[in-house]
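Survey of secondary and tertiary structure
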Amino acid sequence: MEKFGSEKSHWPDPHPLDLKKYNKDINNLDSSILPNWLRDFTDNLAEATQTPVGLSIMLSLSVLSTALSKKAVIKVKQGWREPLNIWTCSVMPTGNRKSPVFNKMIQPIKQYEKKLRDKFKLEADESKIKKEIVKERFKKLKNQAINENDENKREKLLDEMKKLQQQKNEINAINIPTLYTDDITTEALAIAMKKNYGRLALLSPEGIVFRHASGLYSGNINLNNLKKSWTGDESINVNRVTRSEVRIDNPALTIGITVQPSVINNLNKDIFRREGLLGRFLFCYPNSWVGKRDPIFDTPNLYETINERYKKAIKILLNSKPKEKKNGDWIPHIITFDDDAKQILNDYSKEVETELREGGRLCAIRDWANKLIGNIIRVSGLMHLANQIQFNESNLNWSKLIDEKIALSAVKLGRRLINHTLKTFDLLDKAEDYDLAKYILDKITKGKAMESSGDLIDRFGKERLDKSILYKLTRKKKEITDPDALNRPLDLLTNLNYIKLIKESNQGKGRPPSPKIVVNPKYKRF
């Protein structure tokens, strides 16, 4: 709250008090930002399924992230590095064919993982058999040592047992790799990532990750592991009494999900925004094709040549290697920008910073916008490596600099996603929240009229409208059960630039004065 006496500070324009204020001007995403082989596939898939191309574009970024995370990091400048894992969330109502698009996009990952798991399963079975043989031999020697009366022979048996124990320890446990999952609790996340060099992808056509993060299964809300697995330079430590310690340095979680608007609408806004979880996602809210789709036999097929090129390209990226493996972890390659690309990103960071100011387009979503540049840098790295695909060879040039063209494409995506995010965040403010805020604003207007006429002091004994008087004016409303019930609508009115709550300093002992309510002079109704 602001201190008393700041009423004359600059007031930005109030935002429209309805849920559709940003529903206009939602530009479709442009596939021209992608490498040719990926652009061809996303365009063809969108046409074949009669879905917006933005859905395919966002999922393609999560697929690239699945293939490349922890293999490289982007050195932005001294002391600032960005990993390559990103989180995408596409919001579309039911009936928009999200699942068919999703399944086609992740098909090469499923196929690659199956071959990998089959290979590792053979090695895991062989390792298990070796350990069982050693275990049986150890057991046999132990029984012999127990029954051996000759001290020299017993010592020899003990020496053999020590060698067997060492041999057993040297037989490495083979973890069958899991590249992605469609459902995992935040508790199990660390364990699964530990088995996969600290990386994992959560790819799902539903918003199950939000349910788990809300604590609907465990009854608790713990977002720490999720947040750390996006940041890329923190460690996850899980040390429970009933389990062995799990430590992951530089964890990298990829998320690619599609959800219905109701999933976002039902999120606990206070928790998910306060904890910064939603700010990490790149949101897309594509315009629906429902009601405008072509008849089934008038739509193009998914062309086999385009599909096979896509699968081959993703396989090349999946087969790419980190710089080295050390102590069970991956050491990534370092990639960076050329001077022209740096200038593009520098200019865009100025543009974003300006929009973050009070009254700017990004002011209401600062939690998201403050991470936008970092996310766009990550997208630049993914598209830079994907753009290197040469189908006659399989090696990537990790030393090549990210150029101006790639940076411009990533910035173009960032600009387009702003309105998509504003529309998505609107869903967090439920219709009933806006209806109640409108009612409260009407009562504030009435209170301010009483303040001007002098009726306020006659009726309530105070010269200026404050929260305690507002409660008396609104308590007949069934939603206003106590003074705290005013907090949410007052927060919304504050965020939309209609009012300010002015806190007076406490003069002496006792309960502090109720905050004064000041109305934006640009609000035309008052």
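The present account deals with the structure reproduced in this document. Computed from a predicted model, the values in this text were never measured in an experiment.

**Quick notes on the overall build of the chain**
When you go through the chain residue by residue, the secondary structure sums to 18 helices and 15 strands. A burial count over the chain gives 49% of its 526 residues as buried. Taking the contacts inside the chain whose residues are at least 6 apart along the sequence as the reference set, 75% of them involve residues at least 24 apart. When the accessible surface of the chain is summed, it comes to about 27,300 Å², and 47% of that surface belongs to carbon and sulfur atoms.

**Topic: the nonpolar core**
Counting residues in each nonpolar core, the largest one holds 110 residues, and the members touching the most others are Trp 37, Phe 210, Leu 317 and Trp 368. A per-element tally of this core places helix H2 (residues 53-68) first, with 10 residues. In this structure, Leu 317 is in contact with Trp 37, Leu 64, Ala 67, Leu 68, Lys 71, Leu 385, Ala 386, Ile 389 and Leu 396, ignoring residues within four places of it in sequence. Membership of the second largest hydrophobic core comes to 29 residues, among which are Leu 436, Ile 440, Ile 480 and Ile 499.

**Quick word on H2**
In a regular helix each residue adds 1.5 Å, so 16 residues correspond to 22 Å; H2 covers 23 Å between its end C-alpha atoms and thus fits that length. Burial analysis of H2 places 16 of its 16 residues in the buried class, which makes it a mostly covered element. One or two residues past the end of H2 sits Lys 70, with phi positive at roughly 70°.

**Details of the pairing of strand E2 (residues 72-77)**
When E2 meets strand E13 (residues 333-335), the two strands line up parallel, connected through 3 bridges. Bridged to Ala 72 within E13 is His 333. Where E2 meets strand E3 (residues 80-82), 3 bridges bridge the pair, whose relative direction is antiparallel. Looking at the pairing, Lys 75 lines up with Arg 81 of E3. The antiparallel hairpin formed by E2 and E3 contains 2 residues in its connecting segment, where Gly 79 sits at a positive phi of about 85°.

**Here's the deal with the packing of aromatic side chains**
When we look at a pair of aromatic rings, we describe it by the centre distance and by the angle of the planes. In total, this model carries 7 aromatic pairs according to the counting rule given. Geometrically, the ring pair formed by Tyr 197 and Trp 330 is stacked, given 5.1 Å between the ring centres and 25° between the ring planes. With Tyr 197 in the loop between helix H5 (186-194) and strand E6 (199-204) and Trp 330 in strand E12 (residues 329-331), the pair connects residues that are 133 residues apart, well separated along the chain. With a relative accessible area of 33%, Tyr 197 lands in the partly exposed category. On the basis of relative accessible area, Trp 330 is assigned to the buried category, the value being 10%. Centre to centre, the rings of Phe 283 and Phe 425 are 5.7 Å apart; their planes meet at 80°, and the pair counts as edge-to-face. A residue pair is termed long-range when its members are at least 10 positions apart, and Phe 283 in strand E10 (residues 281-284) and Phe 425 in helix H14 (residues 404-426) qualify at 142 residues. Per residue, the accessibility class of Phe 283 equals that of Phe 425, and both read buried. One Lys or Arg, Lys 500, reaches over the ring of Trp 11 and ends 4.6 Å from the middle of that ring.

**Remarks on the side chain of Asp 338**
Examined against the element boundaries, Asp 338 turns out to sit in the loop between E13 and helix H11 (339-355). Among buried Asp, Glu, Lys and Arg side chains, Asp 338 stands out as unpaired, with Lys 342 the closest opposite charge at 8.1 Å. At a separation of 3.2 Å, a polar atom in the side chain of Asp 338 contacts the main-chain amide nitrogen of Asp 340. Apart from the residues within four sequence positions on either side, Asp 338 is in contact with Leu 401, Ile 402, Asp 403 and Glu 404.

**Structural notes on the pairing of strand E14 (residues 499-503)**
Remark: a regular strand shows side chains that alternate across the two faces of the sheet. The element E14 is extensively covered by neighbouring structure, given that 4 of its 5 residues are classed as buried. Direction of pairing for E14 relative to strand E15 (residues 516-519): antiparallel, over a ladder of 4 bridges. Looking at E15, one finds that Lys 500 is bridged to Val 518.

**Details of the sheet that holds E2**
The strand order E3-E2-E13 describes an open sheet built from 3 strands, whose pairing is mixed. Looking at strand neighbours, the two that pair on one side only are E3 and E13, the edges of this open sheet. Taking each pair of neighbouring strands and ignoring which way they run, the sheet shows an average axis angle of 35°. Set on the sheet, helix H13 (residues 372-386) makes contact with E2, E3 and E13; between it and E3 the angle comes to about 60°.

**Structural notes on the packing of H2 against H13**
To describe two helices that pack against each other, one gives the angle between their axes and the distance between the axes. H13 packs onto H2 with a crossing angle of 80° between their chain directions and a minimal axis gap of 10 Å. As far as their axial angle goes, H13 and H2 are roughly perpendicular. Together, Leu 61, Leu 64, Ser 65 and Leu 68 of H2 and Val 379, Leu 382, Leu 385 and Ala 386 of H13 make up the contact between the two elements. Tallied by class, residues from the contact of H2 with H13 come to 7 nonpolar, 1 polar and no charged.

**Describing the sheet that holds E6**
On the basis of which strands lie adjacent, the open sheet formed by 5 strands has the order E5-E6-E9-E4-E10 and parallel pairing. If you trace the sheet from one side to the other, it starts and ends with strand E5 (180-181) and E10, each paired once. Note that strand E4 (residues 87-91) and E10 share 4 bridges and pair parallel. Across the sheet, residue Cys 89 finds its bridge partner in E10, namely Phe 283. The sheet contacts of H14 involve E4 and E10, and relative to E10 the element is tilted by about 90°.

**So, a positive patch on the surface**
Taken together, the side chains of Lys 446, Arg 459, Lys 472, Arg 475 and Lys 476 present a region of like positive charge at the surface. Here Arg 459 lies in helix H16 (residues 455-460). Its relative accessible area of 53% is what places Arg 459 among the exposed residues.

Conventions we followed
- Residues numbered from 1 in each chain as written.
- Predicted model: local features only at pLDDT ≥ 70, side-chain atom pairs only at ≥ 80, totals over all residues.
- Heavy atoms only, no water.
- Helix = DSSP H or I, 4+ residues; strand = E, 2+ residues; numbered from the N terminus.
- Buried < 20%, exposed > 50% of the residue type's maximum accessible area, 1.4 Å probe, protein only.
- Contact = heavy atoms within 4.5 Å.
- Areas by Shrake-Rupley, 256 points an atom, 1.4 Å probe, with all protein chains shown as cover.
- Core = buried A, V, L, I, M, F, W, Y, C linked by side-chain atoms within 4.5 Å.
- Expected span 1.5 Å × (residues − 1).
- Pairing = 2+ DSSP bridges.
- Phe/Tyr/Trp six-rings, centres within 6.5 Å; stacked < 30°, edge-to-face > 60°.
- Lys NZ or Arg CZ within 6 Å of the ring centre and 35° of its normal.
- Lys, Arg positive; Asp, Glu negative; His and termini not counted.
- Salt bridge = Lys/Arg side-chain N within 4 Å of Asp/Glu carboxyl O.
- Polar contact = N/O pair within 3.5 Å; in protein donor to acceptor, adjacent residues only side chain to side chain.
- Axes fitted to C-alpha atoms, helices over the stretch in contact; angles between N-to-C directions.
- Parallel < 35°, antiparallel > 145°, perpendicular 65-115°, else oblique.
- Nonpolar A, V, L, I, M, F, W, Y, C, P; charged D, E, K, R; others polar.
- Patch = residues over 30% accessible without salt bridge, like charges linked within 9 Å, V, L, I, M, F, W, Y side chains within 5 Å.
- Charge placed at Lys NZ, Arg CZ, Asp CG, Glu CD.

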